[in-house]
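Fold and contact review
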Amino acid sequence: MIINYMEEIVKNCLNSILKNDPAYDDICRCEHCIEDIMAKALNNLKPYYITTKKGEIFAEYSSLVTQQQAEVIAEIIKSIEFISKNPGH
Ligand SMILES: [Zn+2]
């Protein structure tokens, strides 16, 4: 199975930003908006494809997260701000 590991990173970073940053308390968190935010951020980030077995732990890729975290977070913040001003519903 091939997955874009960047999706996992974006999903995790987005969750922790929404949970921990009071600046984004008011944005819509419906499935539609969350997916729009993820899609927009992922379009601006390089995909990182890995092969994996179902249920496998991704710990070995944590160095990738550290290397690219600043860039990932910056893209997610841009996407949150864009989608919260232009919600798709
Ligand atoms: Zn929404």
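Residues numbered from 1 in each chain as written. Predicted model: local features only at pLDDT ≥ 70, side-chain atom pairs only at ≥ 80, totals over all residues.

**Structural notes on helix α2 (residues 31–43)**
- Between its terminal C-alpha atoms α2 stretches 18 Å, which fits the 18 Å expected from 13 residues at 1.5 Å a residue.
- Those residues of α2 that sit buried are Asp36, Ile37, Ala41 and Leu42. (Helix = DSSP H or I, 4+ residues; strand = E, 2+ residues; numbered from the N terminus. Expected span 1.5 Å × (residues − 1). Buried ≥ 20, exposed ≤ 12 C-beta atoms within 10 Å, placed from the backbone.)

**Quick word on the nonpolar core**
- In this structure, Met6, Ile9, Val10, Cys13, Leu14, Ile37, Ala41, Leu42, Val72, Ile76, Ile80 and Ile83 together form the largest nonpolar core, which totals 12 residues.
- Where this core is concerned, the elements lending two or more residues are α1 (5–20), α2 and α3 (62–85).
- Broken down by element, the residue count for this core peaks at five residues, all from α1.
- The residues contacting Ile76, other than those within four sequence positions of it, are Val10, Cys13, Leu14, Ile17 and Ala41. (Core = buried A, V, L, I, M, F, W, Y, C linked by C-beta atoms within 7 Å. Contact = placed C-beta atoms within 7 Å.)

Function cannot be inferred from these measures alone, as they are strictly geometric.
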